[in-house]
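A structural walkthrough
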Amino acid sequence: MRWLTRALADIQISLLKQPITSFCDINTAGDDCLLTHTGDAATIVRILGVRRTLTEADINRAADGLRLELSGAFDQPGHALQFWFGVDPGLSSTEIRRVLRAPRGTAEHLGLDLKDIFAERERRLPTMMRWEAACVVLWTKRRAALTRLENSLADGQINAARQAMPDMGDAQQPFLATDVVVGRHRAFVDRVLGALRNQQITHEEISPREMLRVSREVLLPETSGTEWTPSLPGDPVMPRLTDEGQPETAEGLLWPSLPEQICTEGATELSASTVRVGAHDWASLDMWLGPERPQPFAHLVHGMALEHIPWRASFLIEGGAGTSYAMKAAAAQLLAFLPSNRATWTGIKANADLRDASQDVLVRFRASFATWAPAGEPGTLQRRKAILEHRVQTWGNLRAKFGAGDPLAGLMSSTLGMAAASTAKPAQAPLGDILRMMPWARPGSPWTDGPVLFRSPDGRIWPYDPSSPTRIKVTDIYTGPSRRGKSVLANTNLLGFILSNAAQGRRGARLPLVGKIDIGRSAEGLVVLLREALPEARRQEALYVKLQAIPEHAANILDTQVGCRRPLPLEKAFQQSFLSLITTPPGGVPQEGMGMLISLVLDEVYRMFGDEGANTSPKPYHAGVEPRVDQALRRIGASLPEEPYWWEVVDALCAAGDHVTAELANRHAVPRISDLISAGRSQHVQQLFERVIPHQVETLVEMFERYVKAFVQRFSTLDAPTRIDFGQARVIVLDLDAVAPTGSPDADWQTSVMYLLARHMIGRNFFLRPEYAEHVPPLVRDYHLERFTEAYEAVKRLEYDEYQRTISQPDVRAQVERDDREGAKHAVQLGISSQRSDDFGEHLLSQATGRWICGVGDADEADRLADRLRLAAGTRETIRSRLNGPDHRHGGAPFVLVMNAADTVWEQMLVNSLGPVELWALSTTPEDAALRDSLYDRLGFGEALRRLARVFAGGTAVREIKRRKDRRVLRGEESERAEQGVVMELSDEIANGVGLGMILRDAESLAIAAE
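Throughout this document, residue positions are counted from 1 along each chain, in the order its sequence is written. Totals for whole chains, interfaces and linings use all residues, but because this is a predicted model, local features are given only for residues with pLDDT of at least 70 and pairs of side-chain atoms are given and counted only at 80 or more. The side-chain quantities take in all heavy atoms of the structure and omit both hydrogens and water.

The next thing to look at is the overall build of the chain. Along the chain, the regular secondary structure elements total 37 helices and 26 strands. The buried label applies to any residue whose accessible area, calculated with a 1.4 Å probe on protein chains only, is under 20% of its type's maximum; exposed applies above 50%, and partly exposed to all values in between. Counting only residues that meet the buried cut, the chain has 57% of its 1011 residues in that class. Working rule for contacts: check all heavy atoms of both residues, and any pair within 4.5 Å makes them a contact. Summarising the internal contacts of the chain: among those between residues at least 6 apart in sequence, 75% fall at separations of at least 24. Here the chain has roughly 42400 Å² of accessible surface; of this, 51% comes from carbon and sulfur atoms. For this count, His and the chain ends are skipped, Lys and Arg are scored as positive, and Asp and Glu as negative. All charge positions are set by atom: Lys at NZ, Arg at CZ, Asp at CG, Glu at CD. A gap of 4 Å separates the mean positions of the 117 positive and 130 negative side-chain charges of the chain. Only runs of H or I of at least four residues qualify as helices and only runs of E of at least two qualify as strands under DSSP, and these elements are numbered from the N terminus. Note on areas: these come from Shrake-Rupley sampling with a 1.4 Å probe, and a residue is covered only by the protein chains present in the view.

Once that is clear, we can look at empty space enclosed by the protein. Put plainly, a pocket is an open set of points on a 1 Å grid over the protein atoms alone with protein on both sides within 12 Å along at least five of seven lines, a cavity is a set where a 1.4 Å probe fits but cannot get out, and a lining residue has an atom within 4 Å of a point. Grid points are joined across faces, edges and corners, and a volume is the space filled by probe spheres set on the points. Summed over all chains, the structure comprises six cavities of 30 Å³ or more. Surrounding the largest cavity, 15 residues form its lining, Leu-570, Glu-571, Arg-759, Arg-764 and Phe-767 being those nearest its centre. When contributions to the lining of the largest cavity are tallied by element, the ones reaching two or more residues are helix H18 (569-582), helix H26 (745-763) and helix H28 (810-823). Residue type decides the class: Asp, Glu, Lys and Arg count as charged, Ala, Val, Leu, Ile, Met, Phe, Trp, Tyr, Cys and Pro as nonpolar, and the leftover types, Gly among them, as polar. In terms of residue class, the lining of the largest cavity is built from seven nonpolar, two polar and six charged. Its boundaries defined by the atoms lining it, the second largest cavity holds a volume of some 110 Å³. Forming the walls of the second largest cavity are 13 residues, and the residues nearest its centre are Arg-121, Leu-125, Leu-453, Leu-914 and Glu-918. For the lining of the second largest cavity, the leading source of residues is helix H4 (residues 115-124), giving three residues. Of the residues assigned to the lining of the second largest cavity, the class counts are five nonpolar, four polar and four charged.

Where H18 contacts H28, the two axes come as close as 9 Å, and the packing angle between them is 165°. When the interaxial angle is binned, H18 and H28 end up roughly antiparallel. Handedness of the H18/H28 crossing: left-handed. Contacts between H18 and H28 involve Ala-573, Phe-574, Ser-577, Ser-580 and Leu-581 from the former and Asp-811, Val-812, Gln-815 and Arg-818 from the latter. Classifying every residue of the contact of H18 with H28 gives four nonpolar, three polar and two charged. Fitted lines through C-alpha atoms serve as axes, helices being fitted only where they are in contact, and the angles separating the N-to-C directions of these axes extend from 0 to 180 degrees. Angles are sorted into four bins: roughly parallel if under 35 degrees, roughly antiparallel if over 145, roughly perpendicular if 65 to 115, and oblique for all others. What makes a crossing left-handed is the near helix being turned counterclockwise from the far one by less than a right angle; a clockwise turn instead makes it right-handed.

Moving on, we get to the packing of helix H16 (residues 486-498) against helix H17 (residues 524-533). In contact at an axis separation of 10 Å, H16 and H17 are set at 30° when each is read in the N-to-C sense. Comparing the axis directions of H16 and H17 gives the class roughly parallel. Where H16 crosses over H17, the handedness of that crossing is right-handed. Contact residues: Asn-491, Leu-494, Leu-495 and Ile-498 in H16; Leu-526, Leu-529 and Leu-530 in H17. Of the residues that constitute the contact of H16 with H17, the class distribution is six nonpolar, one polar and no charged.

Here we come to unusual backbone geometry. Negative phi characterises most residues that are not glycine, and trans characterises most peptide bonds. If you check the backbone angles, His-308 has positive phi at about 60° while not being a glycine. Assessed through its relative accessible area of 41%, His-308 is described here as partly exposed. Unusually for a residue other than glycine, Asn-397 sits at a positive phi of about 60°.

A helix is expected to span 1.5 Å for every residue after the first. Over its 13 residues, H16 extends 19 Å from the first C-alpha to the last, a length consistent with the 18 Å expected when each residue adds 1.5 Å. The buried fraction of H16 amounts to twelve of the 13 residues, a majority that puts the element mostly inside the structure.

Counting all residues, the mean pLDDT for the chain is 88, and 92% of those residues have values of 70 or more. Each residue gets a pLDDT score, which is the predictor's confidence in that residue and runs from 0 to 100. Note on residues 1-17: pLDDT under 50 across the span, and eleven contacts to partners over four residues away in sequence or across chains.

Let's shift gears to the pattern of salt bridges. Put simply, a salt bridge is a Lys or Arg side-chain nitrogen that is within 4 Å of an Asp or Glu carboxyl oxygen. A complete count under the given rule lists 80 salt bridges for this structure. Put simply, Glu-799 and Lys-516 hold a salt bridge, and the shortest N to O gap is 3.4 Å. With a gap of 283 residues between them, Glu-799 in strand E22 (residues 796-800) and Lys-516 in strand E19 (residues 514-518) connect regions that are remote in the sequence. This pair shows no difference in class: Glu-799 is buried, exactly as Lys-516 is. Asp-838 is the partner of Arg-864 in a salt bridge, and the nearest nitrogen-oxygen pair spans 2.6 Å. Taken together, the residues span a long stretch of sequence, with Arg-864 in helix H30 (residues 859-869) and Asp-838 in the loop between strand E23 (828-834) and helix H29 (841-847) at a distance of 26 residues. Given a relative accessible area of 38%, Arg-864 falls into the partly exposed group. Taking the relative accessible area as the measure of exposure, Asp-838 reaches 39% and is therefore partly exposed.

For the rest of this paragraph, the subject is the pairing of strand E9 (residues 280-289). E9 sits mainly inside the fold: eight of its ten residues count as buried. In this scheme, strands are said to pair when DSSP sees at least two bridges between them. When strand E8 (residues 274-277) meets E9, the two strands line up antiparallel, connected through four bridges. Counterpart to Val-275 in the pairing with E9 is Trp-282. Linking E8 to E9, which pair antiparallel, is a turn of two residues; within it Gly-278 sits at a positive phi near 65°. With seven bridges connecting them, E9 and strand E11 (residues 362-374) associate as antiparallel partners. Residue pairing in the sheet places Trp-282 in a bridge with Trp-372 of E11. Two elements, E9 and strand E12 (residues 399-402), share four bridges in a ladder whose sense is antiparallel. Considered in E12, the bridge of Leu-289 is made with Arg-399.

Moving on: the nonpolar core. If you look at the biggest cluster of nonpolar residues, it comprises 83 residues, and the most contacted ones within it are Phe-578, Leu-597, Leu-676, Phe-711, Phe-726 and Leu-736. Residues contacting Phe-578, with those up to four places away along its chain left out, are Ile-557, Ile-673, Phe-711, Val-753, Leu-756 and Leu-757. We define a nonpolar core as any set of buried Ala, Val, Leu, Ile, Met, Phe, Trp, Tyr and Cys residues linked to one another through side-chain atoms lying within 4.5 Å.

Here it is, written out as structure tokens:
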């Protein structure tokens, strides 16, 4: 009786298709694929997208490449591809929260209070970005794909296994995975994956467990993001009992039916075209006539992106269609003399001619679409149905309609990986035409997670991880004219770097080491953001310093690591570059032999002022010069000679473990730049260079001495013991605006001097390696080995701004290029910004691994850059015409990213879509910064940002400031004073809630301000 009941149920399921589970053919999972009740095999591959911006011609070429590689698999029946694409704006919030979970956790571990930033991202980004996914299901149909003998062998293997087992009922049947089917399917999968790889379509083959999870989420979107996992062969399973307390059959002891696990909600038919499944009402749309002009899938996506509704599409491609129409073709040919049949015969003959000429393979093609709305909102569903129908039918004039007879069957046609079936009318079409229409040409990303969220122009989420191991070497260059979003983009990435895995080190989570050489205030906002987000006691970890020629900012380039009598190898290389620069006239070239002299003088000066060997003159210690050192010596009870040297003080403090105070003493023990004169006059140096007379007037040593004296006279603060102290700072921005002039060769030379000095001050410890401990004295070797190891293992970032100012200074460029070459070995990332791509020089353009292009000055620059980087045609056109600067109110700041990652090159047009709070915090515009700083002083950091974001939701007040300033200037007010007056006027309005600030008085704004 049980057998009869099950047989009748099977007939009802197969013929009437009533239960939703009857539309799922999946029975069990093999090692790397799914198996259906009839032994067919299926594999789901996630399509991650293409690496470059593709034109329609590029898509056509790639489709032809796919056709050539896949034609053999579709010439006969046996294989099928189901391309699936889904968009759900409702899942955008879930996806964005998921991606932001890691950086939010990092911020908490770092003690950074960035809740306003993350809250804004979670509130705003889902309105501009959308969740989307693309997959392809690879089907191998056992009966059609295998020969008669192979099917017989497979049947024998399955029957033998079945007879050796008890009645398994509806439980999963692992013995369906026969060797011959799985082997044939694996060959097909490898063929498809190879074709995708050869056309640079990034993809990911997912596990059977993940396949089932994804299929369930497509069927029931409300389950997305849950931790559900299917019960599969090999998993522990709790026996299921009957009412009598005993398993009726072996079914209760085995893994339950997969259709029952996946399809956990029932279906209710609402109308001829709508059905309710789970928490949503669905409407399905089936193609009944293929498109007249097959178009790339991007045409459909771009149109639908404007609508912001959920939708999905499923395209089923099956092989062997070339013979399926033979009888119809013969009949059409016989009746071709009839006018009504002439068009039919013409179409069939064209396809036949294409096949016979071996230009393409004819396939069977079906397409199904669906949209949905929350259950109980028929008006919303009707509106979405109309939008979907309109957009689909304008896609190459494809004809589709709602209502497949059975609305549930129509809906299940657009699910993912349930069955190789569809209620849509099948069409016969060339494989190449169909592949052009498939959703594989979406913009791809090397990352699925990251602390930075960009988006494609049509809204696809594009995560970016600044510290990902997929980028072995990181040298980023940012280029674009003023006001194109370059500085904000650099700050966005820098904040992302701080919130990335770079924060994880040997001592747990700490702010990563970041140093930026700034000219102007482009990174001040980021430092203020970090300082305000840190606890009060740790705000010194983020530091912004406006470097000035004052005693408090004295810095000595001849400093050594504490306790070391000589510089480390890379430190000496920097010193040689610096001294080469100061002994070269502005706009000139280094004197021949000067480089050798500098190297010799450096060795000599450290020997002379060291305390090792004969004929040395170590510097004597004087009490009162460094009170902290004096106190430390008294505290440790140091035993020193009657007239000690600074080096002896350093050693005493190091021996006591007080390395911080020892570093203060070390600054007085090392030589200064003026001491190079004495070293140059030493007998050893004079003997080697006394006959080198460059101009028949002075020797090379005399020339060196003259340049050093002039430098010391001009920059007295650089010939003194270092006084500028960064303390415990880990994020340091040095603003050189006050000491880096422009306008003449001499000004450019001074700017270059300051560039090199700043690089030494903030980056000298970035390039340490454990093996450098061999160069330090035994007393401090263990201490430095720990420091060097920690620095070596940590991911650091060093940035240069306004790089165009170094064009005529080869020494600076040589140092930056050295940093580029050494960076990967020391886990140091570089970021370099300039206004034109030509400013970077050949080395950086060729060796950079990330080119962030925010705009170009003119078409000629666009062409030069595209030619130099060998950009694809689509990327070239984007650079020429689509990078027009920020529009944060309506979308953000566009840019093109050309990046080396995951062993390949990516070219994408992306948009940096920051919210107003983040924009105001990171703004680099002088007018905005002045208004922001005024409100920081009056309202505090958080409240000022919240009010600015409300009053100026576009993230800038420049237009309003300019409008009011122009009005004042017309009344005769001086320009600079007028601007200051406008800033104070707006500050008053926002602080007091008057004028433009009146908007803050409504209830919603007050609620936001109170949060």
